[in-house]
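Single-letter residue listing:
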Amino acid sequence: MADQQFSAPSRALSGIRHINHDHRRGYVKIGNHLAQHRELSMTAIGLATHIQSLPTGSKVTIKALAERFPEGEVRIATALRELETHGYLARLKERLPSGHVVTCTVSYNNPPARSTETHRERRGPASTPQPDLDADPEPAPDPAPEPALDPAPEEAPEDVPEAELPEAELQARQLLARLRLRDPRLVLSERDTVRLAPAAARWLDRGLPQAAVIAALTRALPSATIHSPAALLAHRLREQLPPRIPDAWEAYPVGPDREVHPLRSCEDCDRAFRSPVPGRCTSCAAAAPAA
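Peer 1: Can you help me understand the overall build of the protein chain in this one?
Peer 2: Each helix and strand counted, the protein chain has eleven helices and four strands in total. Within the protein chain, the proportion of its 291 residues that are buried is 22%. Across the protein chain, the fraction of contacts at a sequence separation of at least 24, relative to all contacts at a separation of at least 6, is 47%. Per element, the accessible surface of the protein chain, about 23900 Å² overall, is 53% carbon and sulfur.

Peer 1: Sorry, what's going on with unusual backbone geometry here?
Peer 2: Where the residue is not glycine, phi is negative for most of them; where a peptide bond is considered, it is trans in most cases. The phi torsion at A220 lies on the positive side, around 55°, for a residue other than glycine. You can see A220 is positioned in the loop between α9 (210-218) and α10 (229-239). A positive phi is found at D270, a non-glycine position, where the angle reads about 60°. Tracing the backbone through its elements, the reader meets D270 in the loop between β3 (263-265) and β4 (272-274). Assessed through its relative accessible area of 59%, D270 is described here as exposed.

Peer 1: Sorry if this is basic, but what is going on with the pairing of strand β2 (residues 101-107) here?
Peer 2: Each regular strand shows side chains that alternate between the opposite faces of the sheet. For strand β1 (residues 89-95) and β2, the ladder comprises seven bridges, and the chain directions are antiparallel. By the bridge assignment for β2, L92 is matched with C104. Linking β1 back to β2 in an antiparallel pair, the connection comprises five residues, with G99 at a positive phi of about 105°.

Peer 1: Looking at this structure, how should I read the side chain of E169?
Peer 2: Note that E169 resides in helix α6 (residues 167-177). Relative accessible area serves as the criterion here: at 15%, E169 is assigned to the buried category. Beyond its immediate stretch of four places on either side in the chain, E169 contacts A197, P198 and A201.

Peer 1: Explanation requested: the side chain of S228 in the structure shown.
Peer 2: Along the chain, S228 turns up in the loop between α9 and α10. S228 sits in the buried class, given a relative accessible area of 16%. Residues contacting S228, with those up to four places away along its chain left out, are R95 and G99.

Peer 1: Is there a simple way to explain the packing of aromatic side chains in this structure?
Peer 2: This model, assessed by the stated rule, comprises zero aromatic pairs. Here the basic side chain of R68 rests over the ring of F69, its NZ or CZ set 4.6 Å away from the ring centre.

Peer 1: Which parts of the structure should I look at to understand the confidence of the model for the protein chain?
Peer 2: For residues with low pLDDT, the predicted coordinates do not support detailed interpretation. Across the protein chain, the average pLDDT comes to 78, with 74% of residues at 70 or higher. Low confidence marks residues 147-158, where pLDDT is under 50. Its contacts with residues over four positions away, or in another chain, come to five contacts.

Peer 1: Would you explain the nonpolar core in this entry?
Peer 2: Burial of nonpolar side chains together is a common tendency in soluble globular proteins. If you look at the biggest cluster of nonpolar residues, it comprises 23 residues, and the most contacted ones within it are L175, L176, L179, L196 and L217. Elements with a contribution of two residues or more to this core: α6, α8 (190-205), α9 and α10. Of all the elements, α8 adds the most residues to this core, at six residues. In contact with L196, other than residues within four places in its own chain, are L176, L188, A230, L233, A234 and L237.

Peer 1: How do you make sense of the pattern of salt bridges when you look at a structure like this?
Peer 2: Working definition: two side chains of opposite charge can pair if their charged atoms are close together. Summed over all chains, the structure comprises seven salt bridges. A salt bridge links K63 to E73; its shortest N-O distance comes to 3.7 Å. You can see K63 sitting in helix α3 (residues 62-68) and its partner E73 sitting in helix α4 (residues 73-85), a full ten residues away along the chain. Accessibility expressed as a relative area gives 40% for E73, which makes it partly exposed. Between E169 and R173 there is a salt bridge, with the nearest N and O atoms lying 3.8 Å from each other. A residue pair is termed a helical-turn pair when its members lie 3 or 4 positions apart in one helix, as E169 and R173 do in helix α6 at four residues. Of the two residues, E169 and R173, neither departs from the other in class, the shared state being buried.

Peer 1: Is there a simple way to think about α6 in this case?
Peer 2: Each full turn of the α-helix corresponds to 3.6 residues, which orients residues three or four apart in the same direction. When we look at burial in α6, the residues that qualify are A168, E169, L170, A172, R173, L175 and L176. Turning to α6, the residues buried within the fold contact α7 (179-182), α8 and α9.

Peer 1: Explanation requested: the packing of α9 against α10 in the structure shown.
Peer 2: When two helices pack together, their arrangement is captured by the angle between the axes and the distance separating the axes. Close contact between α9 and α10 brings their axes to 10 Å; oriented N to C, the two are set at 120°. The interaxial crossing formed by α9 with α10 has right-handed handedness. Contacts between α9 and α10 pair A216, L217 and T218 from the former with L233, R236 and L237 from the latter. Here the residues of the contact of α9 with α10 sort into four nonpolar, one polar and one charged.

Peer 1: What exactly am I supposed to notice about the environment of E259 here?
Peer 2: Mapped onto the fold, E259 is located in the loop between α10 and β3. For E259, a relative accessible area of 62% corresponds to the exposed category.

The rules behind these values
- The numbers attached to residues start from 1 for each chain and follow its sequence in the written order.
- Two thresholds apply to this predicted model, a pLDDT of at least 70 for residue-level local features and 80 or more for giving and counting side-chain atom pairs, whereas whole-chain, interface and lining totals are computed over all residues.
- In computing side-chain values, all of the structure's heavy atoms are included and hydrogens and water are not.
- Going along the chain from the N terminus, every DSSP run of H or I of four or more residues is numbered as a helix, and every run of E of two or more is numbered as a strand.
- The buried label applies to any residue whose accessible area, calculated with a 1.4 Å probe on protein chains only, is under 20% of its type's maximum; exposed applies above 50%, and partly exposed to all values in between.
- Whether two residues are in contact is decided by their heavy atoms: any pair within 4.5 Å suffices.
- Values of accessible area rely on a 1.4 Å probe in the Shrake-Rupley scheme; residue burial ignores everything except the protein chains shown.
- Strands were regarded as paired on the criterion that DSSP finds at least two bridges between them.
- What counts as a ring pair is set by centres within 6.5 Å for rings of Phe, Tyr and Trp (its six-membered ring), and what kind of pair is set by the plane angle: stacked under 30 degrees, edge-to-face over 60, tilted for all other angles.
- Whether a charge lies above a ring is judged from NZ of Lys or CZ of Arg, which has to be within 6 Å of the ring centre and within 35 degrees of the ring normal.
- As a per-residue quantity, pLDDT reports the predictor's confidence and falls between 0 and 100.
- Think of a nonpolar core as a cluster: buried Ala, Val, Leu, Ile, Met, Phe, Trp, Tyr and Cys residues, connected wherever their side-chain atoms sit within 4.5 Å.
- Salt-bridge detection follows one rule: a side-chain nitrogen of Lys or Arg within 4 Å of a carboxyl oxygen of Asp or Glu.
- For helices, the fitted line uses only the C-alpha atoms of the stretch in contact; every axis is such a line through C-alpha atoms, and the angle between N-to-C directions lies from 0 to 180 degrees.
- Note on convention: near helix rotated counterclockwise from far helix by under a right angle means a left-handed crossing. Clockwise means right-handed.
- Residue polarity is assigned by list, with Asp, Glu, Lys and Arg as charged and Ala, Val, Leu, Ile, Met, Phe, Trp, Tyr, Cys and Pro as nonpolar; anything else, Gly included, falls into the polar class.

Shown next, in the form of structure tokens:
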């Protein structure tokens, strides 16, 4: 029997080999549902990993990510849409107290668990367990004191009948509603019209005609899209309010510096001149005594 030969090379192991070390600091947990996602691209998976490793408050706009990575804005925008489609990212619009609209980005590190919780909430709470009849009954708790009745809330401005509103506020509502005829971007809801009417009525109370108020509110509008016309008009009504004219000044109406007489034709030279009554021009009137 021949001896066994061991000179033949051993078969090399194929595939990846892992050499793992524990992370003591500076690491982020990534689930296999993201790292081995079948429908996400490599760019989207890497971008989701980067976003989940960022601290709260970091900028994740397309321009900020394009400055950080060599990929262009188009690939980054496509990857963000992929993450948003599969539930790893959500971009919400929020309105600030100043009226500006900002985009808030929310990152979800485990969308499968989130969808499970949402499905569980929709199904409702679990069935309540049956009480143990052999157990001693618990003493009934003391009845809670009845809450004091709140006073009747004041009637909202929009609930006040139009017949009881001041004339200036009614005109202000009509003025604000007609602004969209001057510029289609200035479309106001009924609630915004009622809310801005008192500020517009202050302009009318100071002696300005409606045409002057409309011209002041629609002058030099931005050429870009107006996202919040109500906030823009509220700022102009507040900041551009004209001063009130004192009552003493109304006794001295502002008129022209001098009276302009109509044109007349001279009786001698037929030259045109201005005079309150027909007659001769200055030259002919001066030459007549000499003649």
